[in-house]
Amino acid sequence: GARAAGFPVYVVGMGPQESITNLSSLAVAGGTGQYYPADSTQALSDALAAISKIVLSTCEFKAPTAPPDNSKVYVYVDKVLTGQVATATENGWMFGATTSDIILTGSYCANLLAGAATTVQIIFGCPDYIPPDIIP
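Novice: Explain the pattern of salt bridges to me, please; I cannot follow it from the model alone.
Specialist: Two side chains of opposite charge can pair, provided their charged atoms sit close to one another. Tallied over the full model, the rule gives one salt bridge. For Lys62, the salt bridge is made with Asp101, and the minimal N-O distance between the two is 3.4 Å. You can see Lys62 sitting in strand β3 (residues 60-62) and its partner Asp101 sitting in strand β7 (residues 101-105), a full 39 residues away along the chain. We classify Asp101 as buried; its relative accessible area is 5%.

Novice: Help me out: how do you make sense of the nonpolar core in this one?
Specialist: A general trend in soluble globular proteins is that nonpolar side chains are found buried together. By size, the foremost hydrophobic cluster in this structure holds eleven residues: Cys59, Val73, Val75, Val77, Trp93, Phe95, Ile102, Leu104, Cys109, Leu112 and Ala117. Contributing elements (two or more residues each) for this core: β4 (73-77), β6 (92-95), β7 and α3 (106-114). If one sorts the elements of this core by residue count, β4 sits on top with three residues.

Novice: What should I look at first to understand the sheet that holds β7 in this one?
Specialist: Sheet strands pair by backbone hydrogen bonding; their relative direction is either parallel or antiparallel. Read from one edge to the other, the open sheet built from three strands follows the order β3-β7-β6, with strand pairing classed as antiparallel. With partners counted over all chains shown, the strands left at the sheet margins are β3 and β6, one partner each. With strand direction ignored, the average angle separating the axes of adjacent strands in the sheet is 25°. Where β3 lies against β7, three bridges are found, and the strand directions are antiparallel. Looking at β7, one finds that Glu60 is bridged to Ile103. Relative to β7, α3 is tilted by about 90°, and along the sheet it contacts β3, β6 and β7.

What counts as what
Counting restarts for each chain: residues are numbered from 1 in the order of the written sequence. Side-chain atom pairs in this predicted model are given and counted only at pLDDT of 80 or more, local residue features only at pLDDT of at least 70, and totals for whole chains, interfaces and linings cover all residues. The side-chain numbers reported here are obtained from all heavy atoms of the structure, hydrogens and water having been left aside. Every case where a carboxyl oxygen of Asp or Glu lies within 4 Å of a side-chain nitrogen of Lys or Arg is listed as a salt bridge. Secondary structure elements follow DSSP: runs of H or I of four or more residues count as helices, runs of E of two or more count as strands, with numbering from the N terminus. Exposure classes here rest on a 1.4 Å probe applied to the protein chains alone. A residue is buried below 20% of its type maximum, exposed above 50%, and partly exposed in between. Here the nonpolar core consists of buried residues drawn from Ala, Val, Leu, Ile, Met, Phe, Trp, Tyr and Cys, with membership extended through side-chain atoms lying within 4.5 Å. When DSSP locates at least two bridges between a pair of strands, those strands are taken to pair. In this analysis an axis means a line fitted to C-alpha atoms, helices contributing only their contacting stretch, and an angle means the value between N-to-C directions, from 0 to 180 degrees. Whether two residues are in contact is decided by their heavy atoms: any pair within 4.5 Å suffices.

Now the structure itself:
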């Protein structure tokens, strides 16, 4: 499942209590511990805000596999290509402990944590693939 691939599963429960009794076990199986109850639109908004703060508490992304070619890894922040850098103080991205760990660095990380950047896309390219500077 998603957890085995390295993706935590967040569960938001909506509806009568008797119909959401298994949601905690789903959240535990998904690696996030407890479901978020949402019995009103405000509660749903609060749950999604809490989850987004957890999800965006790091600038490290773990791919399910290592890239086939380490020189063909392309990282886009808000659909704009960013460059690979050598140190965490520079603006861009770098590999973490393994080549399946991608870490945003510098202002890219700061913008993501602050909510100024909202999407990160990582592409493992083929040998003849030329990445566009901006993706649709």
